Each structure stands twice: as C-alpha cells, then as structure tokens.
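# Observations on the three-dimensional arrangement
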Amino acid sequence: MISGEIKRFLRDDGMIKVSRTLKELSYKIFQTREKLLDLLGREPTIEELAEKMQIDKEEIVEALEAGSEVESIYKPIHQKEGNEIRLMDKLEEKEHREEKILDHMLLQQLLGTLEKEERTLIYMRYFQDKTQSQVGKELGISQVQVSRMEKKIMENLRKIGT
C-alpha cells in the first residue's frame, strides 16, 4: 500500500514539485502554442507566445522548464557496438581539494630539483603538449636526444617522488 501511494504521488505530481500556478500557466502556454502552431504553420517563438498571452518571456520560459520531464544521469546518450555511454559517464569526477593542493605542491617541489633545460623540456612536453620533435627544434637538439632526456628526467623524478 505504501509503495502504491508513493508511485501515485510521483505519477500525479512528478519528480519535482511545481506550484499550481506554474502548472496552470504551463497548460495555458500549451494551448496557446497549439493555436499559434495552427495559425502560423510553424512552431511559435517564445516572443510570439509572450505577446499573445501578454506575459513576460521569462515567465513563459520558467513555466515551460517547470513542466519538463526530469532527466536521469543514467539515461543512455550514445550507444555503439554494444557499448552504452550514459550522461553520468561524461560528468567529471570531483577530486578532493586537499589532494589537488598536495599534488601541486609535490609537482612544484619535484620540478624545482631539475636543471633549467630539463625543466623547460618537461614544461614544453607536459604543459604545452609539444611533440618531442617540436621540443628538439626549440632546444636545438634531435628528437632522439629529447626522448632520452625525457626518459632520464622522468626516472629521476620517480625516484625522488617515492
């Protein structure tokens, strides 16, 4: 009985509670929209609805948004080759602020241990997203030398960071 009451409550009122005034306005907008659709032969604009109903555009938008369905973050937004991507998958995960600050402090400390040329190489590769060839041209060395230097620098930073 309780689950039936909850289902009826959600079915009748929707997931988000909206005032009766907004519900009534939303219904009037729907009726006016239908009349204008027949009259104009196309979808009426917000401005046309507002003019016809003699109310502000903002009120129209608010009523329309209040009457719209709630979207689930689990709703599939793309499906390809059996792989389903949901809206939730596209949302960024929030990192803990403290972890981000500590990571930044450690990175700053590690970069401070590098020689100027090494720091420049790492900055160009990882902060400016330049290729090894581009870095080599700017530093006046070959791509192979950049690769070797980068590998050596990263190994040293790993040793220091652990």
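You'll find the structure just up there.
One structure accompanies this document, and this report is about it. Model, not experiment: these values are computed from the prediction. (Residues numbered from 1 in each chain as written. Predicted model: local features only at pLDDT ≥ 70, side-chain atom pairs only at ≥ 80, totals over all residues. Heavy atoms only, no water.)

## Digging into the pattern of salt bridges
- Counting across every chain of the model gives 6 salt bridges.
- In this structure, Arg42 engages Glu48 in a salt bridge whose closest nitrogen and oxygen atoms are separated by 2.6 Å.
- Its relative accessible area of 23% is what places Glu48 among the partly exposed residues.
- Residue Glu150 is joined to Arg125 by a salt bridge in which the shortest nitrogen-to-oxygen separation is 2.8 Å. One end of the pair, Glu150, is in helix α9 (residues 143-161); the other, Arg125, is in helix α7 (residues 116-127), and 25 residues separate them in sequence.
- Classification of Glu150 by relative accessible area gives buried; the value is 7%.
- One network of salt bridges, in which partners are shared, links Arg33, Glu34 and Glu43. (Salt bridge = Lys/Arg side-chain N within 4 Å of Asp/Glu carboxyl O. Buried < 20%, exposed > 50% of the residue type's maximum accessible area, 1.4 Å probe, protein only. Helix = DSSP H or I, 4+ residues; strand = E, 2+ residues; numbered from the N terminus.)

## Some thoughts on unusual backbone geometry
- In the Ramachandran plot, Gln54 falls in the positive-phi region, its phi being about 60 degrees despite a non-glycine side chain.
- With respect to the secondary-structure elements, Gln54 resides in the loop between α3 (46-53) and α4 (57-67).
- Of the residues examined, Gln54 reaches a relative accessible area of 71% and is grouped as exposed.
- The backbone of Asp129 shows a phi angle near 55 degrees, a positive value even though the residue is not glycine.
- Looking at the element boundaries, Asp129 is found in the loop between α7 and α8 (132-139).

## Details of the pairing of strand β1 (residues 76-80)
- Taken together, the 4 bridges between β1 and strand β2 (residues 83-86) define a ladder with antiparallel strand orientation. For Lys80, the partnering residue across the bridge sits in β2 and is Asn83.
- Joining the antiparallel neighbours β1 and β2 is a turn of 2 residues, in which Glu81 adopts a positive phi near 50 degrees. (Pairing = 2+ DSSP bridges.)

## Remarks on a negative patch on the surface
- On the surface, a cluster of negative charge is contributed by Asp56, Glu58, Glu59, Glu62 and Glu65.
- Residue position: Glu62 is located in helix α4.
- Among the residues examined, Glu62 registers a relative accessible area of 46% and is labelled partly exposed. (Patch = residues over 30% accessible without salt bridge, like charges linked within 9 Å, V, L, I, M, F, W, Y side chains within 5 Å. Areas by Shrake-Rupley, 256 points an atom, 1.4 Å probe, with all protein chains shown as cover. Lys, Arg positive; Asp, Glu negative; His and termini not counted. Charge placed at Lys NZ, Arg CZ, Asp CG, Glu CD.)

## A look at α9
- The end-to-end C-alpha separation of α9 is 26 Å, in line with the 27 Å expected for 19 residues at 1.5 Å each.
- Listing the buried residues of α9 in full gives Val146, Glu150, Ile153 and Leu157. Summarising the axial view, the buried residues of α9 lie within an arc of 70 degrees, below the 170-degree limit, and thus occupy one face. For α9, the exposed residues set more than 90 degrees away from the buried face come down to Arg148, Lys151, Arg158 and Lys159. (Expected span 1.5 Å × (residues − 1). Arc of directions from axis to C-beta.)

## Details of the packing of aromatic side chains
- Here the structure, examined in full by the defined rule, presents 1 aromatic pair.
- Ring geometry for Tyr123 against Phe127: centres 5.8 Å apart, planes inclined by 20 degrees, an arrangement best described as stacked. Here Phe127 and Tyr123 lie together in helix α7, a separation of 4 residues that amounts to about one turn.
- Residue classification places Tyr123 among the partly exposed residues on the basis of a relative accessible area of 44%. (Phe/Tyr/Trp six-rings, centres within 6.5 Å; stacked < 30°, edge-to-face > 60°.)

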